[in-house]
Amino acid sequence: MNFSGGIAVKIKALNGFKDIIPGEVELWLKVEQTARNIFNRFNFSEIRMPILEKTDLFSRSIGEATDIVEKEMYTFVDKQITMRPEATASLLRAYIQHGLYVQKPIQRLFTIGPMFRHERPQKGRLRQFHQMDVEVLGSANPRVDTELMAMGAMLLEELGIDVSLELNSLGCPECRPGFRKTLLTFIDDRRDELCDDCKRRSTSNPLRVLDCKNPRCREQVEEAPSILDHLCGSCGEHFSSVQKGLQDINVVYSLNKFMVRGLDYYTRTTFEFITADLGSQAAVGAGGRYDGLVETLGGPKTPGIGFALGMERLVLLLQQKELETESTGCDMFVAGLGEKAIDFAFPLVHALRQMGLQAAMDHEGRSLKSQMKQANKLQSGYVLIVGESELEQGQAVLRNMETQEQQDVKISDATDTFARSLQEKCTLRIS
Ligand code: HAM
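Residues numbered from 1 in each chain as written. Predicted model: local features only at pLDDT ≥ 70, side-chain atom pairs only at ≥ 80, totals over all residues. Heavy atoms only, no water.

## Digging into the sheet that holds strand 3 (residues 74-76)
For clarity, the threshold we go by: We treat two strands as partners when DSSP finds at least two bridges between them. Only DSSP runs of H or I with at least four residues qualify as helices, and only runs of E with at least two residues qualify as strands; both kinds are numbered from the N terminus onward. Every angle, taken between N-to-C directions, lies between 0 and 180 degrees, and every axis is a line fitted to C-alpha atoms, over only the stretch in contact when it is a helix. By definition in these notes, contact holds between two residues if any of their heavy atoms fall within 4.5 Å.
Spatially, 3 strands are ordered 2-4-3 in an open sheet, and the strand pairing comes out antiparallel. Of all the strands in the sheet, just strand 2 (52-54) and strand 3 have a single pairing partner and so form its edges. Strand-to-strand twist in this sheet, taken as the mean axis angle between neighbours without regard to direction, amounts to 35°. Judged from the 3 bridges that link them, strand 2 and strand 4 (residues 81-83) form a sheet pairing that is antiparallel. From the neighbouring strand, Lys54 faces strand 4, where its bridge partner is Ile81. Set on the sheet, helix 2 (residues 55-62) makes contact with strand 2, strand 3 and strand 4; between it and strand 2 the angle comes to about 70°.

Structure representation (structure tokens):
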């Protein structure tokens with residue numbers, strides 16, 4: 001290490017990678033706790049997977065001709081391993097590897113953690129971002145599709161986040177090829193008007209042309225045929241049941257024939273929770289059914305469906321609403337004035353913490369004014385002021401920071417006894 005002369009250049013976090021610092025963490029906890037509570041209500045169990053997986057897992061499941069696999073993955077090329085860009089593939093890998101289908105015919109699993117995509121960073125779009133991801137494996141029942149969307153809607157409502165639910169069906173290997181052909185004919189007639197990406201995609205992945213964000217492409221596909229008019233009998237029935245289910249439990253949705261999703265594994269139901277408050281990064285959550293994916297990854301034939309919510313976007317929305325974070329204020333600040341008072345305060349603060357209270361003190365011998373400032377910053381409910389001469393007389397002052405009322409309190413010999421007597425004098429929140 002070189003400390004000689006000059007100012008060291010600061011090292012900053014990578015572009016698109018963000019620290020979550022105190023003051024922000026509280027909202028993250030709120031989002032995560034609300035989600036855990038709701039996942040629990042709907043009988044989901046947690047699963048945690050590693051961040052690194054074999055590259056092949058993602059190219060095989062998400063699809064070679066997707067933006068994610070083509071250009072967004074963080075891959076160690078020499079080792080053929082990749083930092084997961086999403087959770088579904090990893091979760092299914094774990095489901096197959098551990099034979100979770102043997103334990104329960106229907107598995108309801110959730111996971112929360114960081115994902116990595118090399119996208120152009122902007123508000124609500126990061127290179128390391130976090131998802132809360134849920135998957136139901138082993139049921140093709142349309143009720144499950146409805147239930148999952150209802151769960152997402154409930155979670156967003158409990159967080160106070162306003163979204164609209166958009167719904168589509170992508171059909172199955174029976175009916176999609178027919179639609180693909182119809183769509184290709186439609187696109188062929190307009191190919192010259194499309195952006196370069198769409199020109200290239202139109203043969204490998206023509207459905208992606210439907211959700212291109214380029215305004216010119218959008219205009220061109222306005223009149224494109226809808227896949228909903230090309231569903232086979234069983235996909236059509238499945239989709240009607242999903243919609244009826246949503247209507248039965250009053251979950252509001254609208255159909256979006258342009259929604260194709262950026263991952264290739266979807267079949268039948270797809271959906272997105274859309275906000276009007278985040279500019280172009282409008283999807284706070286998205287998902288759908290993937291009835292062939294477990295088999296593609298070497299597992300038994302198993303239908304599945306899931307969705308993921310983007311935590312950065314949820315937190316941004318909560319911040320925008322300037323939602324009052326629940327005060328995690330300190331219960332008691334002990335302001336010791338002088339060395340002896342500080343020596344007295346230290347075991348007292350420890351005893352208060354042992355009782356389950358949030359307690360704090362200043363170790364640096366600062367003035368009363370400065371300690372009161374600290375107590376305010378910590379949103380302390382009470383401050384115990386201990387001066388050296390008062391201490392000798394067995395006295396201290398207890399100040400209620402909300403009402404500004406002060407009272408003299410008698411200091412008892414034993415710290416624990418005194419700590420308990422303080423607790424009785426205050427209306428303290430035990431955590
Ligand atoms: P996805 O649409 O790629 O789907 O991502 C789901 C959500 O993750 C998005 O709606 C968004 O909120 C968030 N998200 C995605 N990329 C970023 C980013 N770069 N920065 C911030 N947030 C982001 C999936 O990942 C599927 N695995 C969902 C799923 C689960 N389908 C079935 N099961």
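## Quick word on helix 10 (residues 233-248)
Since there are 3.6 residues in each turn of an α-helix, residues three or four apart along the chain are aligned in direction. Rules: Here the expected length of a helix is defined as 1.5 Å per residue gap, with one fewer gap than residues.
Here helix 10 spans 22 Å end to end across 16 residues, near enough to the 22 Å set by a 1.5 Å rise per residue. Contacts from the buried residues of helix 10 go to helix 6 (142-158), strand 7 (164-169), strand 8 (254-255), strand 9 (267-274) and strand 10 (283-289). Where helix 10 terminates, the next one or two residues include Asn250, which has phi positive at roughly 60°.

## Things to note about the environment of Ser45
Tracing the chain through its elements places Ser45 in strand 1 (residues 45-46). Residues in contact with Ser45, not counting those within four places in the same chain, are Lys104, Arg108, Leu109 and Phe110.

## What to know about the packing of helix 1 (residues 25-41) against helix 12 (residues 311-320)
Applied cut-off: Two helices cross in a left-handed way if the nearer one is turned anticlockwise from the farther one by less than a right angle. They cross in a right-handed way if the turn is clockwise.
Two elements in contact, helix 1 and helix 12, have axes separated by 10 Å at closest approach and are oriented at 115°. As for how helix 1 packs across helix 12, the hand of that crossing is right-handed. Packed against helix 1, whose contacting residues are Leu27, Trp28, Lys30, Val31 and Glu32, the element helix 12 presents Met311, Glu312, Leu314, Val315, Leu318 and Gln319 at the interface.

## Looking at a negative patch on the surface
Stated formally: Patch definition: residues above 30% relative accessible area lacking any salt bridge, with like charges linked at up to 9 Å and the nonpolar side chains Val, Leu, Ile, Met, Phe, Trp and Tyr linked at up to 5 Å. Surface exposure here means Shrake-Rupley accessible area, sampled with a 1.4 Å probe, where a residue is shielded only by the protein chains that are shown. Take a side-chain nitrogen of Lys or Arg and a carboxyl oxygen of Asp or Glu: if they are within 4 Å of each other, that pair is a salt bridge. A residue counts as positive if it is Lys or Arg and as negative if it is Asp or Glu; His and the chain ends are not included. Lys charges are placed at NZ, Arg charges at CZ, Asp charges at CG and Glu charges at CD. Relative accessibility thresholds used throughout: buried, under 20% of the residue-type maximum; exposed, over 50%; partly exposed, between the two (1.4 Å probe, protein chains only).
Side chains of Glu339, Asp343, Glu388 and Glu392 sit close together on the surface and give a patch of like negative charge. Among the secondary structure elements, those contributing two or more residues to the negative patch are helix 13 (339-354) and helix 15 (388-392). Along the chain, the position of Asp343 falls in helix 13. Since its relative accessible area comes to 54%, Asp343 is described here as exposed.

## So, the site of the ligand
To be explicit about the condition: One heavy atom suffices: a residue is near a molecule or strand as soon as one of its heavy atoms comes within 4 Å of it. N or O atoms closer than or at 3.5 Å make up a polar contact, with two conditions inside protein: a donor-capable atom paired with an acceptor-capable one, and, for residues adjacent in sequence, both atoms drawn from side chains. Each residue gets one label: Ala, Val, Leu, Ile, Met, Phe, Trp, Tyr, Cys and Pro are nonpolar, Asp, Glu, Lys and Arg are charged, and the others, such as Gly, are polar.
Around the ligand there are 27 residues in total, and Glu86, Glu119, Leu126, Arg261 and Tyr266 lie nearest to it. Between Tyr266 and the ligand, the recorded distance is 2.6 Å, taken from a side-chain N or O atom to a nitrogen atom. Contact with the protein chains removes 96% of the 660 Å² of surface that the ligand exposes when unbound. Counting only elements with at least two residues in the shell around the ligand, the list comes to strand 6 (128-137), strand 10 and strand 11 (304-310). Element by element, the count of residues in the shell around the ligand is highest for strand 10, at 6 residues. Broken down by class, the residue content of the shell around the ligand amounts to 11 nonpolar, 8 polar and 8 charged.

## Some remarks on the domain arrangement of the protein
Here is the rule: A domain assignment, automatic or from a database, supplies the domain bounds used here.
Along its sequence, the protein is carved into domain 1 (25-175 + 231-321) and domain 2 (332-425). Of note, the centres of domain 1 and domain 2, computed from C-alpha atoms alone, are 50 Å apart.

## Some words on the environment of Glu295
Summarising the element assignment, Glu295 is placed in helix 11 (residues 293-296). Considered as a pair, Glu295 and Ile96 are 199 residues apart in the sequence and their alpha carbons are 9.4 Å apart. Other than its neighbours up to four places away in sequence, Glu295 contacts Pro300 and Lys301.

## Topic: the packing of aromatic side chains
Here the distance between the centres and the angle between the planes together describe a pair of aromatic rings. We count it as follows: Each pair of aromatic rings taken from Phe, Tyr and Trp, with Trp reduced to its six-membered ring, is defined by centres within 6.5 Å and is described as stacked if the planes are under 30 degrees apart, edge-to-face if over 60, and tilted in the remaining cases.
A full pass over the atoms with the stated rule returns 10 aromatic pairs. Between Phe17 and Tyr74, the ring centres sit 6.0 Å apart and the planes meet at 80°, which makes this aromatic pair edge-to-face. On the criterion of sequence distance, the pair formed by Phe17 in the segment before helix 1 and Tyr74 in strand 3 is long-range, its members being 57 residues apart. Note on Tyr74: relative accessible area 21%, which makes it partly exposed. Between Phe273 and Phe307 the ring centres are 6.0 Å apart and the planes differ by 65°, which places this aromatic pair in the edge-to-face class.

## Observations concerning the pattern of salt bridges
Applying the stated criterion across every chain, the model contains 21 salt bridges. When the shortest N-O distance is used, the salt bridge between Asp56 and Arg60 registers 3.4 Å. Of this pair, Asp56 and Arg60 both sit in helix 2, separated by 4 residues, roughly a single helical turn. With relative accessibility at 43%, the residue Asp56 sits in the partly exposed group. Of the charged contacts, one joins Asp67 and Lys71 as a salt bridge, the two residues approaching to 3.8 Å between their closest N and O atoms. You can see Asp67 and its partner Lys71 sitting in helix 3 (residues 67-72), 4 residues apart, about one turn around the helix. Take Asp67: its relative accessible area is 19%, and that puts it in the buried class. Note on Lys71: relative accessible area 45%, which makes it partly exposed. Members of the salt-bridge network, linked through shared partners, are Asp67, Glu70, Lys71, Asp197 and Arg200.

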